[in-house]
Structure formats: C-alpha cells, structure tokens
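Fold and geometry: a report
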Amino acid sequence: MRKKQPVYKGLDTTPVLYTDTSELSPEFFVITEFPKRLTAGKNILKLKGNTANLKLDAQLDIEILDSNNQPIYHEATTYIAEDRSRVFSIYIYPNTPPGEARIILITEVSQINGQSVPDQWKTAYNVKWIGKTLVNPTLVNTTEIIFETLPTVSVEEQVGVQLNRIYTTVQRPTYNSGKVLYENRNNQPLLLISGGVFTRDMVGGTLTVPSPVNPTPTPYYNYTLPPYTSTIKKVLSDTALLLQTPYLIASSQSLIPHEFTKFNESTYSIEYTATPVYSPTQNSESFALVKIDNLEPATGDISRMKVFINNVGTVGTWEQVSDIELDETEIFVTNTASLTPDKSIGFIDSQGTIDTYYASSIYNGNQYLGSNTLTYNTSNLNNSMYVSSVNSSVTVIEMTPTQLGVFLKDAKYKVTLDALGVGADSKLSIYISGSAFNTNTTDYYNRLLPISIGKKIGEFDVNNIGNRIDDYAVSFKADNDGTAVILFVIESGNWYLSDIRTTSDNDAGYTPNHTRIRTLIPTSHKSDVQLNFKVEYYNVDGVKCKQVNYINNIPIIGGNRYIDGEYSMLTGSLYVADSLNSGIGISGYSNTGFIRSLGYSGFDAGFPGFLLYSGSALGGALSKGIAYSGVGLELYASPSNYFRYSTRDSELDIRTDKIYIGNASTFISASNGNLQISSSNFSINVNGDVTASNAHYRGAAKADFFQWKNTTYQYQTSAVASLISTYTYSSKQYACLNLTGSHVGESIVVATPAMFIRLNNLPTGSSGESIPLAAITIHASATGYRNYGGMVILEAVGDFPAGTGNILIQIGTSEGQETGMPDANIGYDSDDWYYAKLKTVTRNGDSYSNVLEVPSGARLLLTQGQEDWRIMSSTKTLL
C-alpha cells in the first residue's frame, strides 16, 4: 500500500516556558485516551483541552517520533467524541521501527498554575507535554473504530434458484498417476512429477508420500523413515507444485528436526476437493447483495461485519443474518448478479476465458499492426495466458470493456499476479485505464502509441526480478469515482500471465475502502415485504463501532418454501436457531450426516464450535489437514482446549488443562503439570514415583538406582569385549570396564545399575600378559559425576593370565579415587573382607601391588559408593 509521508517538525527541541510532566495533562491538554501501544494500522489519540488555561483559539501542534527519532504520520480527524474530545489518528506501517515512541503535544496557554504567562510568551508556544508509548507493527489493531463519514451502503435483492453441485467423479478425488520427486529450492519445498499432471484444483489438497525413496541428506543418528505429508500451497505448472511444509523428521537424539532436501521418484497420492459444475434446482432463495463504499475508518481496523434485518410489517427486534470476516474484494468478476461463487476473470482456466475477457493489439510506434495471439497454457505456468512479443513492436493486452471494474476515489487497491518472462531482456508493464484514473500524458507509451493506455502502476523486468514471479503485488489508489480496466504492455520477451487478481487493498491494520456481501434472507421474510437493514462493524477483539449504518424500506420478494424427496423427507440441512449462522445445524446426505454448531467450519478453521459427523462432512473443510470421512466428534474452543476423535486417522486427541478419568480408586488424573495414575498393580503419584508389581525392560534401561527385586534385564553378551578400555597410571597399564554409551541393536554398550557382565578376556600388555582390571565407569570422568548405588556382577570365564584361569583386580590403596585413574576405581579399607587376599603380582615386567586373584568361574558382586566401587561377595574363594 502507499504510505503517507510525515514531515519532521522538531517539536522535541522547541523551547517552551513550561513542560507539563503530569500523566495525562489535566491542566492543559486533558488527554482522554492515550494509546498504551501503537500497532499495525490507524491508532487513536483523544484530547479534550482545558479551556480554563488554554489561550482562546490556541494553536495545537503534535509530533510523534519513533525509536530512531523519525516522525510517524498522524492526522487530525473531524470526529468529535461524546465527551467533546478531539480524535487524532496515528499511522503505523509494517516498516515503522518497533520500540519506544514519543508523542509530543505543544500549545499556547494563558495561565500556568493560576498565574498569567509573561508577555514574551503570550504569542508563542509556551507549554509542552511528552508522553511515551511502545510501537509494535506486528500486533493486530484493536483500536476503537471511528468513521469521519459513515460508509455508503446499498442493498438489492437477488432471487435465484438454488444450485446443486455436480462433480465429474467425486468431490474429494485421489490422484496418484506417475511418480513424484521432491526438492527444496531456496527454502521452497517443491514437487516435480513424471507420468502425471498437476491441476489447480489440487491447491489446498493433501499430498502423501508413504515411502520416500532415498531421502537425503541422511541424519547422523538411527531413525525410522516416516511418510511425507504436506498441504499443497500452489500449483506452479502441470509438472511442478509448491508445498506448505518441508520434509522434517524429529528424533529424541536431536533437539533440531532433521530436514530432507530431496528424495527420488516415489509413489504418492493427492487428495483434494474438485471444482464442481453447478446445476439449478426447483428451490428459489432470496439473497441481499450488500455493497459498502467509503469503508475505510479514520481510526481502527474493521475485522468483521454483521448484517441485521427487521421486517417493517412486524413488531420485533433486529435479527442477525450475516457475520462475516472482512476479506479483500475482487473487482473484476464475471457476474455479481449470479448466485454462483464469484469468479475472477483473472483466473485463466481455459482458452474460452481468454477469448471472452481479453483482447490484444500490436503497435509499431503509432501504427496499428493488428492483433496478437493469446494462448492458454499450463505446462510452463499453471492456468496461464501466453503471448509472444513481436520484433520492434509493442503488444497491448486489455480486458474487454464489458468487464469494467468500479473504483472509488482515494480508495486503495492492488493487482496481484503470477508471471513468467522468457528471454534475457523480457519486460512488461501494468497500466490501468478508465474514468477512475487520470491518464499520465507524459508517459512514454501514452505519447508513442495512437491510443491512451491510462496510468502506469507497475513494471516487471527480468533483469531486476528474475524470470519468474509469484504473487507479485502492485498497490495503487483511484483518482476519481469511476470505472477502469487493466492493461498489460509487452515491451520485449515472451510472457505467461496467471492468477490475475485486482482487489481492495487489505494490508495488516488497514481496512479496504470497498466490499460486497451476499446475505441470505430467511424464508420467513418473503412475499413482497419491506425490510430494514443494519450493518455493524467490529474490530479484531469483537468491539463494536458506535457508528452504525441503517438502510430502510428495501422491498423484498423472497424465495419459496421448498421440501423435496419422497415421504416429505427433509433433505439437506435443518437449523435450530433464532437467526442465520447461529445455533445448531443438522445435515444428512447420502454419504454423510452431521450435527454442528452453526459457524463451525471445520477443525482447521480455528473457530469455536462442535461437530458430530459420519462420512464426508463439511465439504472442502479439513481436520488436521485431512478431509472429513469416517466417524468423529469435535468440540473445539481454541488450539489448547479441544476434544477430537476421528476414525479417519484413528486418533483421539484431547487438549485441556485438567483431566480425570476413572473412579476414586482407579483413575488417570493430570493438572498443573502433574500426572497421577492409580490401579491395583501399577501407579504413578504426583511426585513421579512409580509402583508396579513387575517391571520388564527391553534394550537398555537407565536409572540412578535399581532394587534387585523382580526386575529382568535382557541383553546380548557378544559385544562385551568392546566395553574394556586401557589407561596408563604411574607408567603402568590398567584395564577399565566402561559402562557408558548407548544401546545399539542387540549389542550392549551401555550398562545401568543391576548389570551382569561376563568377562571373556582382558587387554594384554607389552609381553602379551593380561593387565589388571582397576576401575568401573558408568559416567565419563569428564562429567565429574558418579552414579552412586550402582551394582555390577562380574563373572570370570576366561583364562587370565594364560594357564592360570584367573583374573586380576587392582585395588586402590585407600578410600577415594586415585589421582590420574578413571572415575570410580575399585577400592578397599583394611576392614574389608577381601583385604587379607591382596597380593603383589608381576605382569609384562611391571609390579602391581594390592591385587586380587579371582578364580575362573567366580562371580563378584560390586556396588558403587560415593568415592569408589567395593566388592561385596564372591561365589568362589579368592586365591
């Protein structure tokens, strides 16, 4: 959108007689509403002024400075509040710097603190007030909605037959022809197809690749490859589409999800909603086409609008008939009088659309050379219009005059389109021409060509923006009330144009100046009655604008009352409500049945409500990215508070702060971050303590301490040798049993308390003789942490050293860890039972003292204390 430019006034440095430091300046400015924060769009500031102290006809000046000391645009409105406050509008744009802003007010007063101001200050600004607030242009605008002039609202009735939707095959077809290849280009997940064709209908559909082939790059950890599922964001061509989310997998071994940037051709399926063909029924309906102009408020941003009706011939209150979110409004539609959904003529879906709504002309200077060929294409740019340039000539593509768009003076609009330029110097310009826009007579092509092409609003040059652009937006403002058409000027190169949308400009925080609404008129109001209409405006917080539009005495013919089907069966939907789009709806069709709160349009829509369904409910709506089918129940309040059960994806998903399932003795309970489970044989209390009659672990189990009680730990001993490492202390070699690491397959390379280790061999030294085992580690020494209370059983089954059938265990000389040894060495005290068995042995030419010689087949039980390991018992007598 075009931004209004402020001018720096320097009020922050302007000298004054008195600076008011009070909170809301009750003595001078009387600030009745000060913005606590400035958000996207138009924010409000209200001043009343204290007439007792202000100079008669005093001038007021305002300046607002951002965190960079640059001015922020503001305007004084003509609106006078109920308390006679003046209203000022402060504009915050997306590029307004966030942070602290200062609002500076300056004026002339006649007295300060009951004293007249000195003569030299009587004809100059003499009082200043500075207030501080915060700017955050990313926050939604919750400011009060105020109009300087009420919007212009017109209402006309449209009576037409109800339309049935007919699908070529089914409403939710599944497409799986050929194979797809996945690539991530410039952080854009793309899908390329061979042996198949993508269509525009697939936008919003769900892609599923059950088994991607050779995804890369490969994670550094073991993983199970999940299927890839994503929503289709955009169809780029008949062989390429853009996806909503990349291919990510999560693992407990990594904090950051791993992203696959490519996989080879794989089988897939795409489930989407097909575009229907409409056919008339015998049921007629009455709609009100509500057109609203001059909608842009002076402050605030309109998020929703509600339309109410009142029957002139009936005593009663207003009945709500529509509650809609304000969206961008397409200007060029095929027929606003039709009850079929609006269709933009910029949606190029066939050669017939091009031939009906577009014409081309070729000019060489001021000479007309005839028309150029416009061709429908999908292979290079999906649903596009292709035109090639002619050497030394200019091609002008113009919407046909029968499709003039209506524009309002000073209203903001934008043109959004996709384009592909073929050629190194391809260049295209966008013009708009008609009574709503002033022709730029100095423009090059307005002077060169024999026709007026209006006002240039945008330009594409592949040398600046690249060959392909998607969703390129050009903003502009109408010069007058009137009509106009869009023109494209092909200066060079060959061009594909697609998805051309001309809409009201609905940038964040700023309300578009025009919209139209189709509102169903309830059948109770029919047969030549007159209705009054009321339109209310709401901000994003649901706060209603105090100003309301009334449109009175609109004649309404009304639709018929129609019940079809055998045995007077009520088909379609039944509403239990006092107005449209409220209450409860019951629907039953051949392939679905559901009950819902009206206004609830699906789980993914994010609006509160409930739905009980069987079959393909809410056509086109999604629940967790999947179309409705099977049986399910949804009770939705917010993303953190809902109940969802679906047989389609076999899922029960409940989000709530508190849960209780069961009775007083057997239950599952959770709240405030705590979980508790209670049953006869298993329980978890709020402290996380687990009680179970039997516990069975597979793979690897880890705990600070295990009681050896009805606990089974199954493992494989084939890789035990890999647990042994060596280290050197005082120039002698020692062996260490390392119970640190991870569990891989059936190989045990991690140990936890209550671990049985069978020693088949020990490392040998320089002379080939085994060296003593001197330490057992569970945590690496670098952590500085010891795993107290651990238990390990060692069984000697090897021949250490050769010919003796015994193993040697080096014992520390005292309590505590020997300097230079690994964490948790094997120690002793003089009162330990094995003290008397200590001896000195020689291995590999080195003398080792305090050594135990353990006979083959003996099992030793060791426990870990705070400083070291101690031998508790042996099944055989030590030598």
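Report follows, based on the coordinates. As the structure is a computational prediction, the values presented were derived from the model and not from experiment.

Quick look at the packing of aromatic side chains
- Inspection of the entire model under this criterion finds 35 aromatic pairs.
- Arranged with centres 5.2 Å apart and planes meeting at 70°, the rings of Tyr182 and Tyr228 form a pair that is edge-to-face. Pair noted here: Tyr182 is in strand β14 (residues 179–185) and Tyr228 is in strand β18 (residues 228–237), with a separation of 46 residues, a long-range link.
- We classify Tyr182 as buried; its relative accessible area is 0%.
- The class for Tyr228 is buried, based on a relative accessible area of 2%.
- Each ring, one from Phe460 and one from Trp495, has its centre 6.4 Å from the other, and the planes form 35°; the classification is tilted. Placement of Phe460 in strand β34 (residues 455–461) and of Trp495 in strand β36 (residues 482–504) is noted, with a sequence separation of 35 residues between them. The pair Phe460 / Trp495 is uniform in exposure class, with both members buried.
- Counting every residue linked through ring pairs, the aromatic cluster contains Tyr182, Tyr223, Tyr228, Tyr247, Phe260 and Phe263.

A word on the nonpolar core
- Formed by 48 residues in total, the largest nonpolar core has its most connected members in Tyr358, Ile397, Phe407, Ile430, Phe488 and Leu497.
- At the level of secondary structure, the elements contributing two or more residues to this core comprise α1 (351–357), β27 (358–364), β30 (384–387), β31 (394–399), β33 (412–433), β34, β35 (468–477) and β36.
- Tallying contributions element by element places β36 first for this core, with ten residues.

Side note on the pairing of strand β48 (residues 651–655)
- The pairing of strand β47 (residues 641–646) with β48 spans five bridges and is antiparallel. Counted as the bridge partner of Tyr645 is Leu652 from β48.
- In sequence, β47 turns back onto β48 through a hairpin of four residues, with Ser650 there showing a positive phi of about 50°.

Points about the pairing of strand β37 (residues 514–520)
- Counted residue by residue, β37 has five buried out of seven residues, so it is predominantly covered.
- Both strand β24 (residues 277–293) and β37 contribute to a ladder of seven bridges, which runs antiparallel. When the sheet's bridge partners are listed, Phe287 is paired in β37 with Leu520.

How each quantity is defined
Residues numbered from 1 in each chain as written. Predicted model: local features only at pLDDT ≥ 70, side-chain atom pairs only at ≥ 80, totals over all residues. Heavy atoms only, no water. Phe/Tyr/Trp six-rings, centres within 6.5 Å; stacked < 30°, edge-to-face > 60°. Helix = DSSP H or I, 4+ residues; strand = E, 2+ residues; numbered from the N terminus. Buried < 20%, exposed > 50% of the residue type's maximum accessible area, 1.4 Å probe, protein only. Core = buried A, V, L, I, M, F, W, Y, C linked by side-chain atoms within 4.5 Å. Pairing = 2+ DSSP bridges.

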